[in-house]
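Residues per chain are reported as follows:
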Amino acid sequence: MNFLTKAAPIIFVLLWSTGFIGSKLGAPYIEPWAFLTIRFIVVLPILFVLALLLTRKWPTSPSAILHCIVIGMLVHGVYLGGVFWAIKQGMPAGASSIIVGLQPVLTAFMAVLLLKESVSGKHWISMAIGATGLVLVLGPKFDLSGTGITPATIAAAFVAVVGISFGTVYQKRFAQNVDLLAATTWQYVGALLVTVPFSLFETWQITWSGELIFAMVWLVLGLSVGAILLLMLLIREGAVSQVASLFYLVPVATAVESYFLFEETLSYVQIGGMVLVISAVLTIRGSAGKPRNRRLQA
């Protein structure tokens, strides 16, 4: 477990960044809420079986189960639903990424206000440097020429960011002592409570192409199982504000992956921005201390 804890940040960033790649592959063949609903329906029995085999103790109190469901609604339903919907409505991926890039700062503010975490001045400066680097990385992808940047898509992307930021803090506060597999299983029940009602307003016209099937399999196994369990582990083991800083690295990893997979360009400005982001995150992670709320009970 000690090795996994140390390797978890790198593995998480690599897995989470591929979510944008998988979404890009699958989006042309299916509507966003239907996509997420099918994804969560498929992942739920997988996690349930794993939890039955590996979990020592399931949450039994109604409050513990409810907390897990609320986390799932926020982290999976609201976040992914908002981002998928905004992109499907035509919002450029670069624009949505910049809005989603607010997440580390917003989460840090919430951690200070709601969890009373101690965030040093060095941490805030590093966050600002990381944000600057993120703008340099994503700036060339920002496109105002299309019609996809509307009040509705901006609001959807912003609601998504608030959802995952608050969900991360909520998980740290109320679900610390629940088994990871059991908690994540209940989270996807919560996620379906968000996606199913919205999917009923869609046509459910699906083209089962090879790209969609590959994207669905990868998003289920790599993201909904692997990355989410790692995220829950990271939140449990460290301060929320420091875990949130890892999300700065996700667009960097996605840009590199897109360079190799989709032949997208990388300018010297973007590479410089990547250096800033990586330096900022390493500084934040290097100055990690024990969070003050370590003994909070679920």
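Quantities reported herein were computed from a predicted structural model and do not represent experimental measurements. (Residues numbered from 1 in each chain as written. Predicted model: local features only at pLDDT ≥ 70, side-chain atom pairs only at ≥ 80, totals over all residues. Heavy atoms only, no water.)

Caption draft 1: Representation of the packing of helix α3 (residues 62–88) against helix α8 (residues 180–199) within the structure. Where α3 contacts α8, the two axes come as close as 6 Å, and the packing angle between them is 55°. The orientation of α3 relative to α8 falls into the category oblique. α3 and α8 meet at a crossing whose hand is right-handed. Contacts between α3 and α8 involve Ile65, Cys68, Ile69, Ile71, Gly72, Met73, His76, Gly77 and Val78 from the first element and Ala183, Trp186, Gln187, Tyr188, Gly190, Ala191, Leu193, Val194 and Thr195 from the second. Considering only residue class, the contact of α3 with α8 consists of 12 nonpolar, 6 polar and no charged. (Axes fitted to C-alpha atoms, helices over the stretch in contact; angles between N-to-C directions. Helix = DSSP H or I, 4+ residues; strand = E, 2+ residues; numbered from the N terminus. Parallel < 35°, antiparallel > 145°, perpendicular 65-115°, else oblique. Left-handed = near helix turned anticlockwise from the far one by under 90°. Contact = heavy atoms within 4.5 Å. Nonpolar A, V, L, I, M, F, W, Y, C, P; charged D, E, K, R; others polar.)

Caption draft 2: Spotlight on the packing of aromatic side chains. Applying the stated criterion across every chain, the model contains 11 aromatic pairs. Pairing phenylalanine 12 with tryptophan 16 gives two aromatic rings, centres 5.3 Å apart and planes at 35°, and the pair type is tilted. Linking phenylalanine 12 with tryptophan 16, this pair stays in helix α1 (residues 2–26), spanning 4 residues, or about one helical turn. Assigned by exposure class, phenylalanine 12 and tryptophan 16 land together as buried. Seen in terms of ring centroids, phenylalanine 109 and tryptophan 124 are 4.9 Å apart; in terms of plane orientation they differ by 35°. Their pairing is tilted. With phenylalanine 109 in helix α5 (residues 103–115) and tryptophan 124 in helix α6 (residues 121–138), the pair connects residues that are 15 residues apart, well separated along the chain. The class for phenylalanine 109 is partly exposed, based on a relative accessible area of 44%. By relative accessible area, tryptophan 124 is classed as partly exposed at 28%. (Phe/Tyr/Trp six-rings, centres within 6.5 Å; stacked < 30°, edge-to-face > 60°. Buried < 20%, exposed > 50% of the residue type's maximum accessible area, 1.4 Å probe, protein only.)

Caption draft 3: Focus on the environment of leucine 231. Topologically, leucine 231 is positioned in helix α9 (residues 210–237). Sequence-wise, leucine 231 and threonine 168 are 63 residues apart; in three dimensions their C-alpha atoms are separated by 9.1 Å. In contact with leucine 231, other than residues within four places in its own chain, are Phe12, Val243 and Phe247.

Caption draft 4: Spotlight on α5. Taken residue by residue, α5 has Gln103, Pro104, Thr107, Ala108, Met110, Ala111 and Leu115 as its buried positions. The arc enclosing the buried residues of α5, seen along the axis, measures out at 165°, which places them on a common side. (Arc of directions from axis to C-beta.)

Caption draft 5: Geometry of the nonpolar core. Judged by nonpolar contacts, the single largest core of 74 residues is most densely connected at Phe12, Trp16, Tyr79 and Tyr188. With 15 residues, the single largest contributor to this core is α9. Ignoring anything within four residues of it in the chain, the contact list for tyrosine 188 reads Phe40, Val43, Leu44, Leu47, His76, Ser224, Val225 and Ile228. (Core = buried A, V, L, I, M, F, W, Y, C linked by side-chain atoms within 4.5 Å.)

Caption draft 6: Structural context of unusual backbone geometry. Not every positive phi belongs to a glycine, and lysine 116 is a case in point at roughly 60°. With respect to the helices and strands, the residue lysine 116 is situated in the loop between α5 and α6.

Caption draft 7: Representation of the confidence of the model for the protein in the model. When the pLDDT values of the protein are averaged, the result is 85; 90% of them are 70 or greater. The model gives residues 289–298 a pLDDT under 50, and that stretch makes 23 contacts with residues more than four places away or in other chains. (pLDDT = per-residue confidence, 0-100.)

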